[in-house]
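Okay, here's what each chain looks like letter by letter:
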Amino acid sequence: MLKKERYQKLIAYFTENFPIAETELHYRTPYELLVAVSLSAQCTDKRVNMVTPALFERFPDAESLSKAEFDEVFHYIRSISYPNNKAKHLIGMAQRLVSVYHSEVPSTIEELQTLPGVGRKTANVIVSVIYNQPAMAVDTHVFRVSHRIGLVAKTATTPLAVEKELIKYIPEASVPVAHHWLILHGRYICVARSPKCGECALKHLCKYYEALEKKVMKEKSSKKP
């Protein structure tokens, strides 16, 4: 199967079966999403959603967070991975939002990456979810699913390389929702350990599954008398 055809069939499947796919992080404002995504690095959305209600009640906007003390922010996010660094980054991020961007979350990847603790993945999520721009955030789920299905070449060994290849083949209008398709597929079906191939509606497109089937057939063949 040609790569272009693989993309077409994948997009057709998700468009028909999951036309609406959204982030599982809970937020009400761009500021809240920026904080939540920053906290979600190397942490589950479920854990982040447990922490943010109290955090947002105490610090409802960039102004209040910019004046926060480290110890208090740490207290609210102590169950999140890397709470020390994230507490420092959240305060610094809020301070820059207030002083440089008048408390408004920037709409460009370049500006977002000037905020403490905000890398390209987080910036891509913000411009995609908040501003509906064709940006593809590549986390561990997107990276894994893209390689297993065969959406990207084996030589795409970095998140940026995967991002560029996905953007090349996915229609611009579909990129924001495709980001969530791949994340959710990786989170619930194409999991890191023991992927649920038996439940997967995309296995007929999947290079990983194809290789798995060939291995099984080979083993069966070798056992024949």
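Our subject is the structure that appears above.
Residues numbered from 1 in each chain as written. Predicted model: local features only at pLDDT ≥ 70, side-chain atom pairs only at ≥ 80, totals over all residues. Heavy atoms only, no water.

Some words on the state of the cysteines
As enumerated under the stated definition, the model contains zero disulfides in all. Here Cys197 is not cross-linked by a disulfide; its sulfur's nearest cysteine counterpart is in Cys206, at 6.3 Å. Free cysteine Cys206: the closest other cysteine sulfur is in Cys190, separated by 6.2 Å. (Disulfide = S-S within 2.5 Å.)

A few points about the packing of aromatic side chains
For the structure shown, the criterion picks out eight aromatic pairs. Ring geometry for Tyr13 and Phe18: centres 6.2 Å apart, planes at 65°, overall edge-to-face. Judged by its relative accessible area of 42%, Phe18 falls in the partly exposed class. An aromatic cluster is built from Tyr13, Phe14, Phe18 and Trp181, whose rings are joined through pairwise contacts. (Phe/Tyr/Trp six-rings, centres within 6.5 Å; stacked < 30°, edge-to-face > 60°. Buried < 20%, exposed > 50% of the residue type's maximum accessible area, 1.4 Å probe, protein only.)

A look at the pattern of salt bridges
Counted under the stated rule, the structure contains eight salt bridges. Between Glu165 and Lys3 there is a salt bridge, and its shortest N-O distance comes to 2.4 Å. With Glu165 in helix H10 (residues 159-169) and Lys3 in helix H1 (residues 3-17), this residue pair connects regions lying 162 residues apart in the sequence. Here Arg120 ties to Glu163 by a salt bridge, and the two come within 2.8 Å at their closest N and O atoms. Residue Arg120 is found in helix H8 (residues 120-129), and its partner Glu163 is found in helix H10; the two are separated by 43 residues along the sequence. Given the relative accessible area of 34%, Arg120 is considered partly exposed. The class of Glu163 is buried, set by a relative accessible area of 9%. One network of salt bridges, with partners in common, ties together Glu24, Asp45 and Arg187. (Salt bridge = Lys/Arg side-chain N within 4 Å of Asp/Glu carboxyl O. Helix = DSSP H or I, 4+ residues; strand = E, 2+ residues; numbered from the N terminus.)

So, the packing of helix H5 (residues 70-77) against helix H6 (residues 83-101)
Remark: H5 packs on H6, axes separated minimally by 9 Å, with the N-to-C direction vectors making an angle of 125°. Overall, the two elements H5 and H6 adopt an arrangement that is oblique. In terms of crossing hand, the pair formed by H5 and H6 is right-handed. In this structure, H5 contributes Phe70, Val73, Phe74 and Ile77 to the contact, and H6 contributes Pro83, Asn84, Lys86, Ala87, Lys88, Leu90 and Ile91. The residue makeup of the contact of H5 with H6, split by class, is eight nonpolar, one polar and two charged. (Axes fitted to C-alpha atoms, helices over the stretch in contact; angles between N-to-C directions. Parallel < 35°, antiparallel > 145°, perpendicular 65-115°, else oblique. Left-handed = near helix turned anticlockwise from the far one by under 90°. Contact = heavy atoms within 4.5 Å. Nonpolar A, V, L, I, M, F, W, Y, C, P; charged D, E, K, R; others polar.)

Describing unusual backbone geometry
With a phi angle near 70°, Ser103 is a residue other than glycine that sits in the positive phi range. For Ser103, the position within the fold is in the loop between H6 and helix H7 (109-112). Despite not being glycine, Ser194 has its phi angle at roughly 50°, a positive value. For Ser194, the location among the structural elements is in the loop between helix H11 (175-188) and helix H12 (207-223).

Points about H10
For H10, the set of buried residues is Val162, Glu163, Glu165 and Leu166. Buried residues belonging to H10 abut H1, H8, helix H9 (140-149) and H11.

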